[in-house]
Amino acid sequence: MAIISINNLVKNYDGEGLEVQALRGVDLTVERGEFTAIAGPSGSGKTTLLNLIGGLDQPTAGNLTVAGKELNNMSARELSDMRLHNIGFIFQAYNLIPVLTALENVEYILLLQGVDKAERRRRSTEILKEVGLAKEINRRPKELSGGQQQRVAVARAIVSEPELVLADEPTANLDQKTGSGLLDLMHDLNHRKNITFLFSTHDRMVMDYAERLIRLTDGSIISDERKKSSRESGERKKSGSRKSKK
Amino acid sequence: MKLMKKHSIEAMLAWRNVWKNKRRTILTLLTIMVGCAMIIFFRATQDGSYEKMIDDSIAANTSHIQIHEKGFQENMSIDYAFAPDEYPSIISFLQKSPAVLATSKRIHAGGLISHGNNTFVVLIQAVDPVQEQKISNLHTTVQPGGRYLTPDDRKKIIMGATLAKNLNVTTGDTVSMISQGFDGSFAAANVEIAGIFRTRNPRYDQAMVLMPIAQAIETFTMGDYVSSIAVSLKHTSDMETVRDQLRGLPESKGLEIMGWDELIPELIQAIVMDKLFGYIFYFILILITAFGVLNTIQMSVFERTRELGIMMSIGTKPSQIVIMVMMESVYISLLGVLLGILIGSGISYYFFLHPFDFSEYQKEMEVFAQVTTVFPAKLTLNNVSVTAFFTFLAGVLFSIAPARRAAKLNPLKAIRQL
């Protein structure tokens, strides 16, 4: 069943009098539980595509359905609600609210969703344990390393068990070892919780991890490759990177 | 409580954001504190000074309430007099009212006073020497070598120091007084100076003569008539109530019953003007503190553009952003105001105990008809609450603009900022 369905999506930007075509009629379907990477060079339109899927931007033309909801006609408030309840976000860096601890950052989403305190605390603590930050729950972002911060961001993105997690170049500011650990974690969560992950990246390592690799150039999809043995490959890489984490 | 619970996350985030940049927050707090404390202190000084000036004026001669025949205050003539016996309900009220401390009958007349070749226009005020001492403190200003009037005094007067100096007379000298009697007859008498007073009020010291009322009844052929009844109250604050009660009596129709605020309009006018300038000054101070808050909140929002963008991206609603940012200004303004109240009240209390004393410059101040030379600060609940409220309100109101701007951020553009 498709979680993302895109038909002839166009996005144009006005750039100093010149209209820039960021997306030129993209058609794409992403099934639930996929671990997909959108790859391409800078300016290829991958972040634009991710932003449109996340309801952070409005398309110029085309249809966009996410988690059964057609985004084109949704108000800002409805889009905000959809982001809160259906989508988890992971950004490149400086992702977290600096005045909140790791636990509070994760709890924040549940709090916005109106989950009661005891339940919030239980789920947030549990998810932080899952991402390997049991000892860091009371630390603020500045007291965490870049990799740990991204793990908190992952925990925050999945704590409410959204149907879809959008990750915009999540490993861009991490070294290879830390980035690999983070991908292991997300891949594991993808498998265990059947959460759909959609990355934008130009990182070779992310492309290797992805079960499906969509290449975008100049706002158009030029290839869409599904790797048959990707899950096995992911498992293999996961065990390898866990060793190297230490 | 429900509302607080609902917005607990915004409140918590706001509190932590406030302390994220401690130095800036402390500087803003200091700005609000200083502004609020200055306003409280200046207002306390004003309130204390006004009260002291009014009290001094009341105590010198004005009294809290005066009762005259209608038209007296405008004409200040001996022709406007009334017989107290014809107003039994008013006299009875004055005797029975628990708010009334004392009353004193007075006769006022204009006249000329001469000694040798010197002649001056004077205001003659005839008083009951015993009752008058309960009303006015003028008897305390009689200079050494002289004395105040007694009920048995006849053909005796006391006069202001400046007048005595101008006439070139001293205690024990005899002067001639010429005036008009109540019946239109010529009134004249040679009187002895029993004492010379110095009230520091130039109007009194230059032109006022006091004589016993028994003598004045004779000299001015007053019969049972008096120019006024001066009323002293136990508490100045009771004036309006007592005045209204007196005005409510049917017998008051032919009389003018005036409170101190109507008897010393020039002082009240000066106070009103001073208050007006004070309000302008306070308004500017409040604006400065509010701009301090605005700057802090604006900077704080600007610095957190990316953070706010991420918060909005993950589902924080614009209204929650507005509440969070405004809560920051609520915390800063509240803390600043509380500190301001503490400091302002502390300083005001110190100057209540140790008033500003300009006695050294008494002579210079007399030139400007300034009788009061000691100015205590007076802290009132109205001063503290109104100052605190407006300082707080201005701080919060000035944060609406940055809060709205934060809520209107485009999450996509915001998260691109570093």
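Here the residue numbers are simple positions, counted from 1 along each chain's written sequence. All chains are assigned letters beginning at A, and all ligands numbers beginning at 1, according to the order in which they are written. Under the rules for a predicted model, residues below a pLDDT of 70 receive no local features and side-chain atom pairs below 80 are neither given nor counted, while totals for whole chains, interfaces and linings still include all residues. Only heavy atoms go into the side-chain values, all of them from the structure, while hydrogens and water stay out.

### A few points about the overall build of chain A
Using the following cut-off: To qualify as a helix, a DSSP run of H or I must reach at least 4 residues; to qualify as a strand, a run of E must reach at least 2; elements of each kind are numbered from the N terminus. What the globule rule says is 2.2 Å times the number of residues to the power 0.38, and the radius of gyration is computed from C-alpha atoms. Buried residues are those whose accessible area, probed at 1.4 Å on protein chains only, stays under 20% of the maximum for their type, while exposed residues exceed 50% and partly exposed ones sit between those limits. In this analysis, two residues are considered to be in contact whenever any of their non-hydrogen atoms come within 4.5 Å of each other. Calculation of accessible area relied on Shrake-Rupley with a 1.4 Å probe; when residues are assessed, cover is drawn exclusively from the protein chains displayed. Neither His nor the chain termini are counted; the positive set is Lys and Arg, and the negative set is Asp and Glu. Every charge is mapped onto a representative atom, which is NZ of Lys, CZ of Arg, CG of Asp or CD of Glu.
Across its full length, chain A holds eight helices and 10 strands. Taken against the 2.2 N^0.38 rule, which gives 18 Å for 246 residues, the C-alpha radius of gyration of chain A at 18 Å falls within 12% of a compact globule. With the C-alpha coordinates of chain A rotated into their principal frame, the extents come out at 50 × 40 × 40 Å. For chain A, the proportion of its 246 residues judged to be buried stands at 56%. Within chain A, residue pairs in contact and separated by at least 24 positions form 70% of the contacts whose partners lie at least 6 positions apart. For chain A, the accessible surface area stands at approximately 10600 Å², while carbon and sulfur atoms represent 46% of it. On chain A, the mean spot of the 36 positive side-chain charges and the mean spot of the 33 negative ones are 7 Å from each other.

### Focus on a nonpolar patch on the surface
For clarity, the threshold we go by: The patch calculation keeps residues exceeding 30% relative accessible area without a salt bridge and links them within 9 Å when they carry like charges or within 5 Å when they are nonpolar (Val, Leu, Ile, Met, Phe, Trp, Tyr). What counts as a salt bridge is simple: a side-chain nitrogen of Lys or Arg found within 4 Å of a carboxyl oxygen of Asp or Glu.
On the surface, a cluster of nonpolar side chains totalling about 710 Å² of accessible area is made up of Met273, Leu276, Phe277, Ile280, Phe283, Ile284 and Ile288 of chain B. Turning to its location among the elements, Met273 of chain B is positioned in helix 12 (residues 265–303).

### With respect to the pattern of salt bridges
Residues and elements named next belong to chain A. Per the stated rule, a full pass over the model turns up 27 salt bridges over all chains. Between Glu126 and Arg122 there is a salt bridge, with its nearest N and O atoms 3.2 Å apart. Taken together, the residues span about one helical turn, with Glu126 and Arg122 both in helix 4 (residues 117–130) at a distance of four residues. With a relative accessible area of 41%, Glu126 lands in the partly exposed category. One connected set of salt bridges, linked through shared partners, spans Glu34, Arg212, Asp224 and Arg226.

### Describing the packing of aromatic side chains
Residue and element names in this part refer to chain B. Selection rule: Here is the rule: rings of Phe, Tyr and Trp (six-membered ring for Trp) pair when centre to centre is within 6.5 Å. Planes less than 30 degrees apart are stacked, more than 60 are edge-to-face, and the remainder are tilted.
Evaluation of the coordinates by the stated rule reveals 19 aromatic pairs over all chains. Taken together, a centroid distance of 5.3 Å and an interplanar angle of 45 degrees make the contact between Phe41 and Phe351 tilted. Separated by 310 residues along the polypeptide, Phe41 in helix 3 (residues 22–62) and Phe351 in helix 14 (residues 318–353) bring together distant segments of the chain. An angle of 80 degrees between the planes, with centres 5.7 Å apart, marks the rings of Phe82 and Tyr87 as edge-to-face. Judged on exposure class, the residue Phe82 and its partner Tyr87 are both buried. These aromatic residues form a ring-pair network of at least three members: Phe41, Phe42, Tyr279, Phe281, Tyr282, Tyr350, Phe351 and Phe356.

### Things to note about the interface of chain B and chain A
Let me state the cut-off plainly: Buried area: the accessible area, evaluated with a 1.4 Å probe, that two parts lose upon being put together, summed over both parts. In protein, a polar contact requires one atom able to donate a hydrogen and another able to accept it; more generally it is a pair of N or O atoms within 3.5 Å, and residues adjacent in sequence count only if both atoms are side-chain atoms. Amino acids outside the nonpolar list (Ala, Val, Leu, Ile, Met, Phe, Trp, Tyr, Cys, Pro) and the charged list (Asp, Glu, Lys, Arg) are all regarded as polar, and Gly is one of them.
With 23 residues of chain B at the contact, the number on the chain A side is 26 residues. Summed over both sides, the interface of chain B with chain A buries roughly 2100 Å², with 64% coming from carbon and sulfur. If you look at where chain B meets chain A, you find two salt bridges. With a shortest N-O distance of 2.9 Å, Lys317 of chain B and Asp81 of chain A are connected by a salt bridge. Our count for the chain B to chain A interface comes out at six residue pairs in polar contact (both at pLDDT 80 or more). Elements with a contribution of two residues or more to the side of chain B that touches chain A: helix 2 (8–18), helix 13 (305–313) and helix 18 (411–415) of chain B. Looking at the side of chain B that touches chain A element by element, the count peaks at six residues for helix 13 of chain B. Grouping the constituent residues of the side of chain B that touches chain A by class yields 11 nonpolar, six polar and six charged.

### Quick notes on the sheet that holds strand 1 (residues 2–15) of chain A
By way of backbone hydrogen bonds, the strands of a sheet pair with one another, either parallel or antiparallel. Residues and elements named next belong to chain A. Going by this rule: Pairing between strands is defined by DSSP: at least two bridges between them are needed. Axis geometry follows a simple rule: fit a line to the C-alpha atoms, using only the stretch in contact for helices, then measure angles between N-to-C directions, giving values from 0 to 180 degrees.
Across the sheet, which stays open at both edges, the four strands sit in the order 2-1-4-5 with antiparallel pairing between neighbours. Every other strand in the sheet has two partners, leaving strand 2 (18–31) and strand 5 (69–70) as the edge strands with one partner each. Here five bridges tie strand 1 to strand 4 (residues 61–66), and the two strands are oriented antiparallel to one another. Residue pairing across strands places Val10 opposite Ala61, the latter belonging to strand 4. Against the sheet, helix 1 (residues 46–53) makes contact with strand 1, strand 2 and strand 4, and its axis sits at roughly 120 degrees relative to strand 1, the strand it touches most.

### Section: the sheet that holds strand 3 (residues 35–39) of chain A
Residue and element names in this part refer to chain A. Across the sheet, six strands lie side by side as 6-7-8-3-9-10; this open sheet has mixed pairing. In this open sheet, the two edge strands, each paired with only one partner strand, are strand 6 (87–90) and strand 10 (220–226). Here the average twist between neighbouring strands, direction ignored, is 15 degrees. Where strand 3 meets strand 8 (residues 196–201), five bridges bridge the pair, whose relative direction is parallel. Note that in strand 8 the partner of Ala39 across the bridge is Thr201. The sheet contacts of helix 6 (residues 176–193) involve strand 3, strand 6 and strand 8, and relative to strand 8 the element is tilted by about 150 degrees.

### Some words on the side chain of Glu211 of chain A
Residues and elements named next belong to chain A. As for its placement among the helices and strands, Glu211 is situated in the loop between helix 7 (204–209) and strand 9 (212–217). The buried category is assigned to Glu211, whose relative accessible area is 10%. At 3.2 Å, the side chain of Glu211 forms a polar contact with the side chain of His191.

### So, helix 5 (residues 88–96) of chain B
In an α-helix, one turn spans 3.6 residues, which is why side chains three or four residues apart end up on the same side. All names here are of chain B. To be explicit about the condition: Directions are taken from the helix axis to each C-beta atom, and the arc is the one they span.
Looking at helix 5, one finds that the buried residues are Ile90, Phe93 and Leu94. Along the axis of helix 5, the buried positions cluster into a sector of 95 degrees, meaning they face one direction only. Exposed residues on helix 5 whose side chains face more than 90 degrees from its buried face are Gln95 and Lys96. Lining the buried residues of helix 5 we find strand 1 (65–69), strand 2 (100–115), strand 8 (228–233), helix 10 (239–248) and strand 9 (255–259).

### A closer look at the packing of helix 2 of chain B against helix 14 of chain B
Angle between the axes and distance between the axes are the two parameters that describe a pair of packed helices. Residues and elements named next belong to chain B. Rules: Small angles under 35 degrees read as roughly parallel and large ones over 145 as roughly antiparallel, with 65 to 115 read as roughly perpendicular and the rest as oblique. In a left-handed crossing the near helix is turned counterclockwise from the far helix by less than a right angle, and in a right-handed crossing that turn is clockwise.
It is at 8 Å that the axes of helix 2 and helix 14 come closest, and there the two elements cross at 55 degrees. Our classification of the angle between helix 2 and helix 14 gives oblique. Taken as a pair, helix 2 and helix 14 cross one another with a handedness that is right-handed. In this structure, helix 2 contributes Glu10, Ala11, Leu13, Ala14, Trp15, Asn17 and Val18 to the contact, and helix 14 contributes Gln320, Ile323, Met324, Met327, Glu328, Tyr331, Ile332 and Leu335. Classifying every residue of the contact of helix 2 with helix 14 by side-chain character gives 11 nonpolar, two polar and two charged.

### What to know about the nonpolar core
Cut-off, in case you're wondering: Throughout this description, the term nonpolar core refers to a set of buried Ala, Val, Leu, Ile, Met, Phe, Trp, Tyr and Cys residues connected via side-chain atoms within 4.5 Å.
If you look at the biggest cluster of nonpolar residues, it comprises 108 residues, and the most contacted ones within it are Leu49 and Ile53 of chain A. Those residues in contact with Leu49 of chain A that sit more than four places away from it in its chain are Ile6, Leu9, Leu23, Val26, Leu28, Ile38 and Leu216 of chain A. Formed by 56 residues, the second largest nonpolar core is a distinct cluster that contains Leu94, Phe220, Met239 and Ile264 of chain B.

### Some words on the domain arrangement of chain B
Rules: Source of the domain bounds: an automatic or database domain assignment.
Looking at chain B, the domain boundaries give domain 1 (2–58 + 267–415) and domain 2 (63–257). Here the C-alpha centre of domain 2 of chain B lies 49 Å away from the C-alpha centre of domain 1 of chain B.

### A look at the side chain of Thr45 of chain B
Structurally, Thr45 of chain B can be placed in helix 3. Residues contacting Thr45 of chain B, with those up to four places away along its chain left out, are Phe356, Pro376 and Ala377 of chain B.

### Here we look at the environment of Arg139 of chain A
Considering the arrangement of structural elements, one finds Arg139 of chain A in the loop between helix 4 and helix 5 (146–158). Excluding its chain neighbours within four sequence positions, the residues that come into contact with Arg139 of chain A are Thr101, Ala102 and Leu144 of chain A.

### Quick notes on unusual backbone geometry
Residues and elements named next belong to chain A. Positive phi, close to 45 degrees, is recorded for Glu169, a residue that is not glycine. Position of Glu169 among the secondary structure elements: in the loop between strand 7 (164–168) and helix 6. Classification of Glu169 as buried rests on a relative accessible area of 9%.

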